[in-house]
Amino acid sequence: MCPKVGRREQKKLTNRRSILDAGLLVFSSIGYERATIMDVVEASGLSVGTLYNHFGDKDTIFAEIVGMLVRDVRAALNEARSKADDLESFIMGAFLAYSELMEQQPKIQELISKNSNAFRQFVSTETELIGLVNDLQQDMKSAVDAGLIPDFPVNLMSSAMMGASMEIFSEKIGSHTAKEKAEFLGHIFLGGIRHLSTA
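Given the structure is predicted, the values throughout are model-derived calculations rather than measurements. (Residues numbered from 1 in each chain as written. Predicted model: local features only at pLDDT ≥ 70, side-chain atom pairs only at ≥ 80, totals over all residues. Heavy atoms only, no water.)

A. Molecular detail of the overall build of the chain. Along its length, the chain carries 10 helices and 0 strands. Secondary structure elements of the chain, listed N to C terminal, follow the sequence α-α-α-α-α-α-α-α-α-α. Dimensions of the chain, computed from the C-alpha atoms along their principal axes, are close to 60 × 45 × 25 Å. Residue burial in the chain is summarised as follows: out of 199 residues, 43% are buried. Within the chain, counting contacts between residues at least 6 apart in sequence, those at least 24 apart form 70% of the total. In the structure as shown, the chain presents an accessible area of about 10,900 Å², 53% of it carried by carbon and sulfur atoms. For the chain, the distance from the average position of its 21 positive side-chain charges to the average position of its 26 negative side-chain charges is 8 Å. (Helix = DSSP H or I, 4+ residues; strand = E, 2+ residues; numbered from the N terminus. Buried < 20%, exposed > 50% of the residue type's maximum accessible area, 1.4 Å probe, protein only. Contact = heavy atoms within 4.5 Å. Areas by Shrake-Rupley, 256 points an atom, 1.4 Å probe, with all protein chains shown as cover. Lys, Arg positive; Asp, Glu negative; His and termini not counted. Charge placed at Lys NZ, Arg CZ, Asp CG, Glu CD.)

As structure tokens, then:
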């Protein structure tokens, strides 16, 4: 049985959530570079002191939003890959899981698209990203060892997948939906793996 959260602790959690929601709203509308801490304070409806009790500056707020996204992505990808039973479901399932997560969070999509440089900078220093890459490498190695997918250079492939995903999903490229981007990436990497396995 989970212990009850006290009123004071609940208030702190609520305030923290309000600040992160406000940061997401501000960064996705006016952008990280133009945004000030006062913009976030005003959007949150809280006092400056309350904001500084939780976060020291806008960098910390932005980093936390990026970190939450990476944790969500890691969980979604791990679940999708755990259900895969062949090469196509392994590759396409991971990209489609990412795309579905993005479509459920339109403000996150706007934040990434409006702040692509800042997003790349912050996501590259996110320790959870290292775990995500390690998960992907381990899953691909296990799938190769089990004969689920053909043998290929796992380390190179995982780096290429992460890099391409970050580029494709962090930019507004034409009018493509998240699902179309996921399917595009899936087909590229499926073709690449099949080609490498017969080379």
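B. Inspection of the nonpolar core at higher detail. Ranked by size, the top nonpolar core spans 61 residues in total, and within it Ile61 and Ile91 carry the most contacts. In this structure, isoleucine 91 is in contact with Met161, Gly186, Phe189, Leu190 and Ile193, ignoring residues within four places of it in sequence. (Core = buried A, V, L, I, M, F, W, Y, C linked by side-chain atoms within 4.5 Å.)

C. Broad picture of a nonpolar patch on the surface. Nonpolar side chains collect at one region of the surface, where Met38, Val48 and Tyr52 lie side by side and expose about 250 Å² of accessible area between them. Secondary-structure assignment places methionine 38 in helix 2 (residues 37-44). Relative accessible area serves as the criterion here: at 39%, methionine 38 is assigned to the partly exposed category. (Patch = residues over 30% accessible without salt bridge, like charges linked within 9 Å, V, L, I, M, F, W, Y side chains within 5 Å. Salt bridge = Lys/Arg side-chain N within 4 Å of Asp/Glu carboxyl O.)

D. View of the pattern of salt bridges. Under the counting rule described, the total for this entry stands at 10 salt bridges. The partner of arginine 74 in a salt bridge is aspartate 135, and the shortest N-O contact between them spans 2.5 Å. On the criterion of sequence distance, the pair formed by arginine 74 in helix 4 (residues 58-82) and aspartate 135 in helix 8 (residues 127-145) is long-range, its members being 61 residues apart. The exposure class of arginine 74 is partly exposed, given its relative accessible area of 23%. With relative accessibility at 17%, the residue aspartate 135 sits in the buried group. Here lysine 141 ties to aspartate 145 by a salt bridge, and the two come within 3.1 Å at their closest N and O atoms. Taken together, the positions of lysine 141 and aspartate 145, both in helix 8 and 4 residues apart, correspond to about one turn of that helix. Lysine 141 gets classed as partly exposed once you look at its relative accessible area, which sits at 44%. Salt bridges sharing common partners tie together Arg16, Glu64 and Arg71.

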